[in-house]
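Residues per chain, in single letters:
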Amino acid sequence: MIEQRIQQHFIDSADLKYQAAQPLSKPIAAGVQAMLACVTSGGKVLACGNGGSAADAQHFAAEFVGRFERERPELGAIALTTDSSIITAIGNDYDFNVIFSKQVRALGLPGDVLLAISTSGNSANVLAAVEAAHQREMTVVALTGKGGGKMGAALRETDVHICVPHDRTARIQEVHLLVLHCLCDGVDSQLLGEQEVPT
Ligand SMILES: O=C(CO)[C@@H](O)[C@H](O)[C@H](O)[C@H](O)COP(=O)(O)O
Ligand SMILES: [Zn+2]
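All residue numbers refer to positions counted from 1 along the written sequence of the respective chain. Chains and ligands are labelled by the order in which they are written, letters from A for the one and numbers from 1 for the other. In keeping with the predicted nature of the model, local features appear solely for residues at pLDDT of at least 70, side-chain atom pairs appear and are counted solely at 80 or more, and the whole-chain, interface and lining totals rest on all residues. For the side-chain quantities, the full set of heavy atoms in the structure was used; hydrogens and water were omitted.

- For the chain, the name recorded in an unreviewed UniProt entry is Phosphoheptose isomerase, with Rhodoferax koreensis as its organism.
- Here the chain is described in UniProt, under the heading Subcellular location (unreviewed entry), as follows: "Cytoplasm". UniProt positions are given in the numbering used here, feature names are shortened, and annotations may be inferred rather than shown by experiment.

**Quick word on the UniProt feature "binding site: substrate" (unreviewed entry) in the chain**
Next, step 1: Mapped onto the present numbering, the UniProt feature "binding site: substrate" (unreviewed entry) falls at Asn50, Gly51, Gly52, Glu63, Asn92, Asp93, Ser118, Thr119, Ser120, Ser123 and Gln173. Across 124 residues, the annotated set is spatially dispersed, with a maximum C-alpha separation of 32.3 Å.
Next, step 2: Structurally, asparagine 50 can be placed in the loop between strand S1 (45–48) and helix H2 (52–65).
Next, step 3: The contact criterion used throughout is that any non-hydrogen atoms of two residues lie within 4.5 Å. The contact partners of asparagine 50, leaving out residues within four places of it in the chain, are Phe96, Phe100, Ile117, Ser123, Asn125 and Val126.
Next, step 4: Only runs of H or I of at least four residues qualify as helices and only runs of E of at least two qualify as strands under DSSP, and these elements are numbered from the N terminus. By secondary structure assignment, the location of serine 120 is in the loop between strand S3 (113–117) and helix H5 (124–135).
Next, step 5: Leave out the neighbours within four places in its chain, and serine 120 touches Gly145, Lys146, Gly148 and Gly149.

**Side note on the coordination of the zinc ion (ligand 2)**
Next, step 1: Note that water is not among the atoms used; donors are N, O and S atoms within 2.8 Å of the metal (3.2 Å for Na, K and Ca), so sites may look incomplete. His59 (NE2), Glu63 (OE) and His181 (NE2) make up the full set of protein donors to the zinc ion (ligand 2), lying at 1.9 to 2.0 Å.
Next, step 2: Binding-site remark: the zinc ion (ligand 2) is held by donors from one chain whose sequence spacing is H-x3-E-x117-H. In this pair, histidine 59 and glutamate 63 are both assigned in helix H2, 4 residues apart and thus about one turn of the helix distant.
Next, step 3: When accessible area is computed with a 1.4 Å probe and restricted to protein chains, residues below 20% of their type maximum are described as buried, those above 50% as exposed, and intermediate ones as partly exposed. Of the residues examined, glutamate 63 reaches a relative accessible area of 14% and is grouped as buried.

Here it is as structure tokens:
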């Protein structure tokens with residue numbers, strides 16, 4: 001019955017969020033510190049991912065540049081998923097696997113952060129972006145799942161790995177969105193001070 005199926009999605013999603021809260025709180029806090037250090041020294045966050053994770057990259061950039069829940073000075077973030085001319089030119093002339101890494105090499109500066117989002121950790125273009133970020137002396141904040149895949153293995157000790165403990169793409173994406181909101185809220189609370197939770 002469809003209603004039962006729907007209810008199961010809600011229950012499974014809520015269960016995973018409940019289970020992941022404790023293990024993910026530490027790496028998310030490390031992600032907040034990395035982003036805070038970046039923006040307070042004039043840096044920016046470059047964000048990338050495929051499919052639903054491309055939407056997540058854009059969602060994050062919107063809340064960093066515009067606002068999350070509270071008024072504050074604008075913060076630098078660029079989603080590398082949005083410029084169709086750049087993406088089609090690089091995809092057509094080179095390879096789809098380098099659509100993000102070439103943008104990272106073009107725009108990334110030491111001290112910037114790469115927000116690399118992949119539920120499998122195995123998307124070749126996101127992995128190449130991680131490698132390009134390392135070349136540019138950027139810190140990587142990686143959002144993954146399924147054990148972290150190749151991206152998990154490619155990260156440096158100074159990077160941050162937020163790996164959702166689940167194997168289903170949709171469930172991992174649902175937690176990734178929550179993680180992005182925690183990152184925005186964490187940066188805001190460090191910049192503006194703690195405030196009671198807004199309604
Ligand atoms: O949103 C979904 C599935 O929920 C899909 O669009 C999904 O994002 C795409 O299949 C991606 O290509 C998956 O890539 P990744 O998360 O493994 O890096
Ligand atoms: Zn949001």
